[in-house]
There are 4 protein chains.
Amino acid sequence: MKIKAGIIGATGYAGAELVRILLTHPEAEIAAISSVSFEGKPLSEVYPSYKGLCDMECQTQDEVVAKSDVIFAALPHGLSQELAAQCDKEGKAFIDLGADFRLKSEEEYQEWYGCTFLDHDLHKRSVYGLPELFRDAIKGKKIIANPGCYTTGAPLALAPAVINGLVSTDGIIVDSKSGVTGAGRKPNQGNHYPELNEGFHAYKVANHRHTPEIEQTLSRLSGQKVTITFVPHLLPVNRGILSTCYAKIKDGVTFEQIQKAYKDFYQDEFFVRLLPDGANADIHNIKYSNFCDISLHHDKRTNTLIAISAIDNMVKGAAGQAIQNMNIIFDLPETTGRVLVPPAF
Amino acid sequence: MKIKAGIIGATGYAGAELVRILLTHPEAEIAAISSVSFEGKPLSEVYPSYKGLCDMECQTQDEVVAKSDVIFAALPHGLSQELAAQCDKEGKAFIDLGADFRLKSEEEYQEWYGCTFLDHDLHKRSVYGLPELFRDAIKGKKIIANPGCYTTGAPLALAPAVINGLVSTDGIIVDSKSGVTGAGRKPNQGNHYPELNEGFHAYKVANHRHTPEIEQTLSRLSGQKVTITFVPHLLPVNRGILSTCYAKIKDGVTFEQIQKAYKDFYQDEFFVRLLPDGANADIHNIKYSNFCDISLHHDKRTNTLIAISAIDNMVKGAAGQAIQNMNIIFDLPETTGRVLVPPAF
Amino acid sequence: MKIKAGIIGATGYAGAELVRILLTHPEAEIAAISSVSFEGKPLSEVYPSYKGLCDMECQTQDEVVAKSDVIFAALPHGLSQELAAQCDKEGKAFIDLGADFRLKSEEEYQEWYGCTFLDHDLHKRSVYGLPELFRDAIKGKKIIANPGCYTTGAPLALAPAVINGLVSTDGIIVDSKSGVTGAGRKPNQGNHYPELNEGFHAYKVANHRHTPEIEQTLSRLSGQKVTITFVPHLLPVNRGILSTCYAKIKDGVTFEQIQKAYKDFYQDEFFVRLLPDGANADIHNIKYSNFCDISLHHDKRTNTLIAISAIDNMVKGAAGQAIQNMNIIFDLPETTGRVLVPPAF
Amino acid sequence: MKIKAGIIGATGYAGAELVRILLTHPEAEIAAISSVSFEGKPLSEVYPSYKGLCDMECQTQDEVVAKSDVIFAALPHGLSQELAAQCDKEGKAFIDLGADFRLKSEEEYQEWYGCTFLDHDLHKRSVYGLPELFRDAIKGKKIIANPGCYTTGAPLALAPAVINGLVSTDGIIVDSKSGVTGAGRKPNQGNHYPELNEGFHAYKVANHRHTPEIEQTLSRLSGQKVTITFVPHLLPVNRGILSTCYAKIKDGVTFEQIQKAYKDFYQDEFFVRLLPDGANADIHNIKYSNFCDISLHHDKRTNTLIAISAIDNMVKGAAGQAIQNMNIIFDLPETTGRVLVPPAF
């Protein structure tokens, strides 16, 4: 029998992307979907792409929880904690695409999001769902904090170097560029076509909420408190995040050692593709898929490692990774339902 | 055992799209691929999107034929006839994405393409593979002429009206707008990013080779010689063709009759989605999929039917339809391998 | 002394474009600007492009009228009539970029816009400002109805053929494709970047308010009531309208006669560029300028004239034409301030 | 009498942009243009945008030199040295948009470009034309090395901090993102529309020829040898470069001091716009203009200065700056001919 999956917040972009992936998942099916803004309306009215494929009507949150084995929540921050408690009480798995369970430090959560932990036990039992880095911790858990988009690409680009102590964890710079879907479905002046098209700019410079989350992951990997400089930019494309990460190579470490560390670390990871020497990671090559492409570069003149990762912010950076987490906690091969071949163009 | 599929011309855009679709087809597998320009090179070197998914090397045409049950050819016109003969002799199915077998009249073929029929018997045994219109003729055949891109969208938009004699076949105008991939993988000044981006123009006005092919289909459907005015335009998007088709409604015919004719005609077609009243077909909603969305509009002031279809030129207009044809001739449900859900964005 | 120009509705796209053009006009200067939404704010806060160039604050409508010799109004329909009366009383020239004075028939105005004429005398004294077609009528007038965007490109494409009776005025079809700025500055779901990007669709099919205005012009030119089929589409580009116009060539008329009629008609027009045989009008080549490029094509098989025009919807289709009208009524050479060279890319 | 300007390499993108700017320059006129590939052809055949504006035919290089007071050369590197010598001999001003005179060190020129200096005296008499930084040195000179595109934006973003010793010159990182026109007019696979559209990637990572040129400028400004890490990326837009520059703030220096240093340094510069606190430099706001917008940001957590500049790579990064240099050496106000208002959209 198929896993019954419910989606709360199905009409947002992450929710809609979950629908796309679940529609071809061989071991799961969409049991119910909800949306505050579109209750009673079929999803295909909101997204005509899905006509004939998912004409299911949006129901209430409670109906979704009742009908599902696993609940995916794609909600603004602050709205997931009570829902997680409800799922927990009813014995349902809960995968949160929002931010409420990502930061382990309540202090940081408060500083960056202005909210507090409602139930500390729940937070303790939740796990951060970045499979390539924390797979073992995910297995057997039922409350999963699915990482944010920037917070998937940058750590994957840096992990092998940081874990193996090959670069200094001081002075790491992450310069990221994201497609527009990252800003959500709600129109605003900044995403209005004529004002974004043929434009490009940074935003929330050194001030973005994903900063402490990237730092939390790098600290956990390196075993020391890491502080980074993080600058996100907005690209005039629909999907994709390219993160250009700069780290000083430690004295005595060669670039070849670094390359080997990456090869060893990612050799069995289906969804991480370490590119050959000379290639450049490109969001063009991973869009609509769960892949993370990584290219490594050496600035010999300043002995700096430049590690560049490309992910689809809506797939590996949101819905695809959530499905990967579902596969893990339901003991399926992680790649189940990986019908998402990145198109060549 | 899976169908062994071979692709000749795999490094062109249609060939690459065949790869994408076949990679997730449950009943077929890629047996071999060929490319004149990239012989000996892995496909994933040409299209890094496919790294880890299709690293197969390009072989010779003969090797592909030898290893395959069905051969897809995505070649410039003039190069398919001998290949078809070879496949025919070896008892292999042959699906031609090129133009050599599309026109039934050698005279027209000569006029528009400057070539002659090498083997009239072969042409007689070939069939035009537009399943929604000519399904019965396709079954049991082994040489399939897969329609061109414009020649799929426009006929599907007009078929029910023409078949039922609801519009005049005189004065039909097809104003089509195509994404750039239709012009192929080879760079030229016209497709150079800075000169196409933020631009839009018509080309080959009333002079495009797909004109006689659209006319052949409409003539076959209506039982009378149809001549149309066809103007293609180049859109600054990667994929998709929108065809805005104008036809005079016959006296005494109501728009409601026309709507009903379309509903009846397409009600069992999975891949054709007749949109509800008030909706507008949009290439945004079908891209990367095999769907053809159709919206019908009535200009009451001039009593004109405006039928608009949207297809992905690379899928329903090329590779997806070719797989649909393969499914038909191998007695599989037509929708087998339809893992191509159009993304919501 | 320079002409003092005031702009009412300066923070909309047409208003902002007027600012861009007036900033380099040698004989006019911006005296004052107004905006209901941004009163008291500098324009450069709304459009950072203008920082240091137009940091003028938005004032009230009355202040603008008081300080200006000529008032440009870029307002939603229905809001210009009283303003026109006010300008008229104070002896100021009034150039309306809105729709209130465009239709000469109150009945049509009521049918398409749902409003009535407040002052019939004012409407009688107003003139339709399409200089290349009605230049003589514009001279000496003070209330100018600046044409809409679609209603400039399509009539210019058809005028010489219609005036000279070379094509049938029955069955004319205008298939237009417009850039996004035509829909204005206010964000909505349809113009939200991820939903428009890589998309293309028709809208208001056979139902757009510019229909009667195009018909009014063609009727005036031909001396008979013309009814057309008009279908606008939305292009994923910022600027530009391409109109593909179809008209049946009359018996006995040759295409060469038509070409000659166009050459004769437009030979002294600086802003209309008749392209050489074989070229295709492209919005790429006229963007940011006041040019209208026209290419003529002959469908020999159906004896149809296909006349294609390309304009920048914001310049020749709005602000640039408004300045051209200002130049006329202030007795300046029409090309004064034509600093708008279309960039090559 | 107007300055007679000649353009060698007029059919490349930088050459075409020079034409656009010179067409509206009040004190200069285009005397002659040349192009190896299009000799004898009118420029408007290559760029239909210029039809009726610059239909001048491409002549030989010698003809251009003979007819001009100032020669602009937009040639591949290695081709300017002899031409400079020729202009020098004939007493003509020479403004080189290529790379031959940019690097003062022959060793570096050899290392990065593989060429040698043909005439050391000529190189000594040449001057690096970045007016905002080296204006005084430019005055009175006749051989100008116009800076490259990346090499204008990054130094302008960093200059006031570096000159005043407010940041460490160790560990500076420049992460730049450029529009496609930077790669020139010649089509190739990388700039082919379907492969660039919806893509984004770095290229020539830590290996781009503009690296030593940026370093040369920063070294000259700081009085010490500066080595940087420079990573360029390719944006799917036509124009614009955004450079995100990272520099460690020195101990004891406040961000307010830095802000003041920038204000003081740029207060009289028309073409550099220091944006207000909280704003983000955006290529959208400077395209088609000679402006360089700069926004300053403080990463308090790591005490890093993030200075971001936006320029149009074809204007301030090429042709516009060349005209600015021409104005200087012909004793015109630098802003003469500044008809290039950045459009609001």
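Use the structure listed above.
Fair warning: this is a prediction, and the values are worked out from it, not measured in the lab. Counting of residues starts from 1 at the beginning of each chain's written sequence and follows it residue by residue. Numbering of ligands from 1 and lettering of chains from A proceed in the order in which they are written. Restriction of local features to residues with pLDDT of at least 70 applies here, the model being predicted, together with a cutoff of 80 or more for giving and counting side-chain atom pairs; totals for whole chains, interfaces and linings are based on all residues. Only hydrogens and water are set aside when side-chain values are computed; all heavy atoms of the structure are taken into account.

Draft legend 1. View of the interface of chain C and chain B. Any two residues whose heavy atoms approach within 4.5 Å are treated as being in contact. Contacts between the two partners involve 46 residues from chain C and, on the opposite side, 47 residues from chain B. When two parts are brought into contact, each loses some accessible area as probed by a 1.4 Å sphere; the total of that loss over both is the buried area. Three residues stand out in chain C for area buried against chain B, namely C:Glu198, C:Phe200 and C:Arg301, and they jointly supply 20% of the buried area on that side. The term salt bridge refers to a side-chain nitrogen of Lys or Arg lying within 4 Å of a carboxyl oxygen of Asp or Glu. Our count for the chain C to chain B interface comes out at four salt bridges. With a shortest N-O distance of 3.2 Å, B:Asp175 and C:Lys177 are connected by a salt bridge. Between N or O atoms, a polar contact is any pair within 3.5 Å; within protein, one atom must be a potential hydrogen donor and the other a potential acceptor, and residues adjacent in sequence are included only when both atoms are from side chains. At the junction of chain C with chain B, the criterion picks out 25 residue pairs in polar contact (both at pLDDT 80 or more).

Draft legend 2. Spatial organisation of the side chain of A:Ser49. If you trace the backbone, A:Ser49 turns up in the loop between helix 2 (43-46) and strand 3 (58-59). There is a polar contact of 3.1 Å between the side chain of A:Ser49 and the backbone oxygen of B:Pro343. Helix and strand assignments come from DSSP, with helices taken as H or I runs of at least 4 residues and strands as E runs of at least 2, each series counted from the N terminus.

Draft legend 3. The pairing of strand 5 (residues 93-96) of chain B, seen in detail. Residues and elements named next belong to chain B. On strand 5, burial covers both faces: Ala93 and Ile95 on one face and Phe94 and Asp96 on the other are all buried. Think of it this way: DSSP has to see at least two bridges between two strands before they count as a pair. Where strand 4 (residues 70-73) lies against strand 5, four bridges are found, and the strand directions are parallel. Bridge assignment links Ala73 to a residue of strand 5, and that residue is Asp96. Handedness of a crossover is defined as follows: orient the strands so they point away from the viewer, and if the path from the first strand over the helix to the second runs clockwise, the crossover is right-handed. Traced from strand 4 through helix 4 (residues 81-89) to strand 5, the parallel crossover comes out right-handed. Two elements, strand 5 and strand 7 (residues 143-145), share three bridges in a ladder whose sense is parallel. For each residue, the accessible area found with a 1.4 Å probe, counting protein chains only, is set against the maximum for its type, and the residue is called buried under 20%, exposed over 50%, and partly exposed in between.

Draft legend 4. Up close: the packing of aromatic side chains. Residues and elements named next belong to chain C. Ring pairs shown here join Phe, Tyr and Trp side chains whose ring centres sit within 6.5 Å, with only the six-membered ring taken for Trp; geometry is labelled stacked below 30 degrees between planes, edge-to-face above 60, and tilted in between. Applying the stated criterion across every chain, the model contains 52 aromatic pairs over all chains. Here Tyr150 and Phe230 contribute two aromatic rings whose centre-to-centre distance is 5.1 Å and whose plane-to-plane angle is 70 degrees, an arrangement assigned as edge-to-face. Of this pair, Tyr150 sits in helix 8 (residues 150-163) while Phe230 sits in strand 10 (residues 229-234), and the two are 80 residues apart along the sequence. Assessed through its relative accessible area of 1%, Phe230 is described here as buried.

Draft legend 5. Focus on helix 1 (residues 13-22) of chain B. Counting buried residues in helix 1 of chain B gives 10 out of 10 residues, a clear majority hidden from the surface. Restricting attention to buried positions, one finds in helix 1 of chain B the residues B:Tyr13, B:Ala14, B:Gly15, B:Ala16, B:Glu17, B:Leu18, B:Val19, B:Arg20, B:Ile21 and B:Leu22. Contact partners of the buried residues in helix 1 of chain B: strand 1 (3-8), strand 2 (28-34), helix 2 (43-46), strand 4 and helix 12 (315-329) of chain B together with helix 9 (193-196) of chain D.

Draft legend 6. Inspection of the side chain of C:Glu17 at higher detail. Within the secondary structure, C:Glu17 is located in helix 1 (residues 13-22). Non-local contacts of C:Glu17, meaning those with residues more than four positions away in its chain, are made with C:Tyr50, C:Arg239, C:Met314, C:Val315, C:Ala319 and D:Phe345.

Draft legend 7. Representation of the packing of helix 7 (residues 131-138) of chain C against helix 10 (residues 210-222) of chain C. Residues and elements named next belong to chain C. Relative to each other, helix 7 and helix 10 sit at 75 degrees, their axes nearing to 12 Å. Viewed along their axes, helix 7 and helix 10 adopt a mutual orientation that is roughly perpendicular. Of the residues in helix 10, those in contact with Leu133, Phe134 and Ala137 of helix 7 are Thr217, Arg220 and Leu221. Its residues assigned to classes, the contact of helix 7 with helix 10 comprises four nonpolar, one polar and one charged. The axes used here are C-alpha line fits, helices contributing only the stretch in contact, and every angle between their N-to-C directions lies in the interval 0 to 180 degrees. An angle counts as roughly parallel when it lies under 35 degrees, as roughly antiparallel when it exceeds 145, as roughly perpendicular when it falls between 65 and 115, and as oblique in every other case. Each residue is assigned to one class: nonpolar for Ala, Val, Leu, Ile, Met, Phe, Trp, Tyr, Cys and Pro, charged for Asp, Glu, Lys and Arg, and polar for all the others, Gly among them.

Draft legend 8. Representation of the sheet that holds strand 2 of chain B. All names here are of chain B. In spatial order, the strands read 3-2-1-4-5-7-6; together these seven strands make up an open sheet with parallel pairing. What marks the edges here is a single partner per strand, and that holds for strand 3 (58-59) and strand 6 (127-128). Along the sheet, helix 12 contacts strand 1, strand 2, strand 4, strand 5 and strand 7; its crossing angle with strand 5, the most-contacted strand, is approximately 155 degrees.

Draft legend 9. Fine view of the relation of the copies chain A and chain C. When chain A is brought onto chain C, the operation consists of a screw motion whose angular component is 180 degrees and whose axial shift is 0.0 Å, with 0.0 Å RMSD remaining. Both copies of the chain, as the preceding transformation shows, are related through a two-fold rotation axis. Rotation axis and chain A: the residue whose C-alpha lies nearest the axis is A:Tyr193, separated from it by 2.3 Å. When the interface residues of chain A are mapped onto chain C, 95% of them again fall at the interface, so both copies present the same face. The copies are overlaid by a least-squares fit using only the C-alpha atoms of residues whose pLDDT is at least 70 in both copies.

Draft legend 10. Structural context of the pattern of salt bridges. The final tally for this structure, using the stated rule, is 68 salt bridges over all chains. Taking the shortest distance from any N to any O, the salt bridge between A:Glu215 and D:Arg301 comes out at 2.5 Å. Highlighted residues: A:Glu215 in helix 10 (residues 210-222) and D:Arg301 in the loop between strand 13 (292-299) and strand 14 (304-311), drawn from two different chains. Note on A:Glu215: relative accessible area 1%, which makes it buried. For D:Arg301, a relative accessible area of 34% translates into the label partly exposed. Its salt-bridge partner being D:Glu17, residue D:Arg239 comes within 2.8 Å of it at the nearest N-O pair. With D:Arg239 in the loop between strand 10 (229-234) and strand 11 (241-248) and D:Glu17 in helix 1 (residues 13-22), this residue pair connects regions lying 222 residues apart in the sequence. As far as burial versus exposure is concerned, D:Arg239 and D:Glu17 are alike and both buried.

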